Amino acid sequence: LLSNERPIVILRRKKESTLASAVAPFQNTVGVMLPYSPLHHLLLDGSLKTLVMTSGNRSDEPIAYKNEEALSRLSTIADCFLVHDREIHMRCDDSVARIYDGEPYIIRRSRGYVPFPVKLPFPVQDILACGGELKNTFCLTRDSYAFMSHHIGDLENLETLDSFEKGI
């Protein structure tokens, strides 16, 4: 939780938690994150101490990252929207991690980790590697580095495929 990458960390839900039961229903875990952006810090600076948030997308669709897109696609499922006049240029999910055997285990490598490369133990040719249809990411290699993309998701619809191609 305190790392520079600030992923969402999957934690066991405490029995004494005051979190509404409608948040992650029928789950004994919940994703927890600490503020990582100036906006988060501003929102949590007063009496508000907890926010329940989700990505701006329907299941199996890419994140709506433009205000107009979010308002038109998500108005039937969101109670309110926080919009701004500062444009977002790239869709990017939050990274997700959990603790396994006392060590961090990355489930979804995205915001906070991307686009920082993974150092390889040997040099490789320049390669573009693309994942399959489900839980897609891509990777570009150069010298001894692998640059993995942000999480893109399932490529079953045109919007997500367009996002995948724009990312490359």
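Details of the structure are given in the entry above.
So, here's what we can say about the structure. Since we're looking at a predicted model, the values are computed, not measured.

About the thresholds
Residues numbered from 1 in each chain as written. Predicted model: local features only at pLDDT ≥ 70, side-chain atom pairs only at ≥ 80, totals over all residues. Heavy atoms only, no water. Helix = DSSP H or I, 4+ residues; strand = E, 2+ residues; numbered from the N terminus. Pairing = 2+ DSSP bridges. Axes fitted to C-alpha atoms, helices over the stretch in contact; angles between N-to-C directions. Salt bridge = Lys/Arg side-chain N within 4 Å of Asp/Glu carboxyl O. Buried < 20%, exposed > 50% of the residue type's maximum accessible area, 1.4 Å probe, protein only. Patch = residues over 30% accessible without salt bridge, like charges linked within 9 Å, V, L, I, M, F, W, Y side chains within 5 Å. Areas by Shrake-Rupley, 256 points an atom, 1.4 Å probe, with all protein chains shown as cover.

1. Concerning unusual backbone geometry
Residue Pro115 follows Val114 across a cis peptide bond; omega there is 15 degrees. As for its placement among the helices and strands, Pro115 is situated in the loop between strand 4 (103-108) and strand 5 (118-124). Unusually for a residue other than glycine, Asp101 sits at a positive phi of about 55 degrees. The residue Asp101 is located in the loop between strand 3 (96-100) and strand 4 in this model. Unlike most non-glycine residues, Lys135 shows phi in positive territory, near 50 degrees. In this structure, Lys135 sits in the loop between strand 6 (128-130) and strand 7 (138-148).

2. Overview of the sheet that holds strand 7
Spatial strand order, 5-7-6: three strands in an open sheet with antiparallel pairing. Each edge of the open sheet carries a strand with a single partner, namely strand 5 and strand 6. The average angle at which neighbouring strand axes cross in this sheet is 45 degrees, direction not considered. Of the pairings in the sheet, the one linking strand 5 to strand 7 comprises three bridges and is antiparallel in character. Considered in strand 7, the bridge of Val118 is made with Ala146.

3. Quick look at the sheet that holds strand 4
To summarise the sheet geometry, strands pair through backbone hydrogen bonds and adopt either a parallel or an antiparallel arrangement. With mixed pairing, the four strands of this open sheet are ordered in space as 2-1-3-4. The open sheet has two free edges, formed respectively by strand 2 (29-32) and strand 4, since each of these has just one partner strand. Put simply, the sheet's adjacent strands are angled 35 degrees from each other on average, direction ignored. Two strands pair when backbone bridges link them, and strand 1 (residues 8-12) and strand 2 are joined in this way by four bridges, in the antiparallel orientation. Each residue of the ladder has a partner; that of Arg12, found in strand 2, is Thr29.

4. As for the pattern of salt bridges
Scanning the model with the defined rule gives four salt bridges in all. Across the pair Arg91 and Glu69 runs a salt bridge, and its minimum N-O distance is 3.7 Å. Taken together, the residues Arg91 in the loop between helix 2 (67-74) and strand 3 and Glu69 in helix 2 connect sequence positions 22 residues apart. Side by side, Arg91 and Glu69 carry an identical accessibility label, which is buried. As a salt-bridge pair, Asp94 and Arg111 come within 2.8 Å of each other at their nearest N and O atoms.

5. Considering a nonpolar patch on the surface
Side chains of Leu39, Leu43, Leu48, Leu51, Met53 and Leu82 sit close together on the surface and give an oily, nonpolar patch of about 510 Å² of accessible area. On the accessibility criterion, Leu39 (41% relative accessible area) is partly exposed.

Geometric descriptors of this kind do not, in isolation, establish any biological role.
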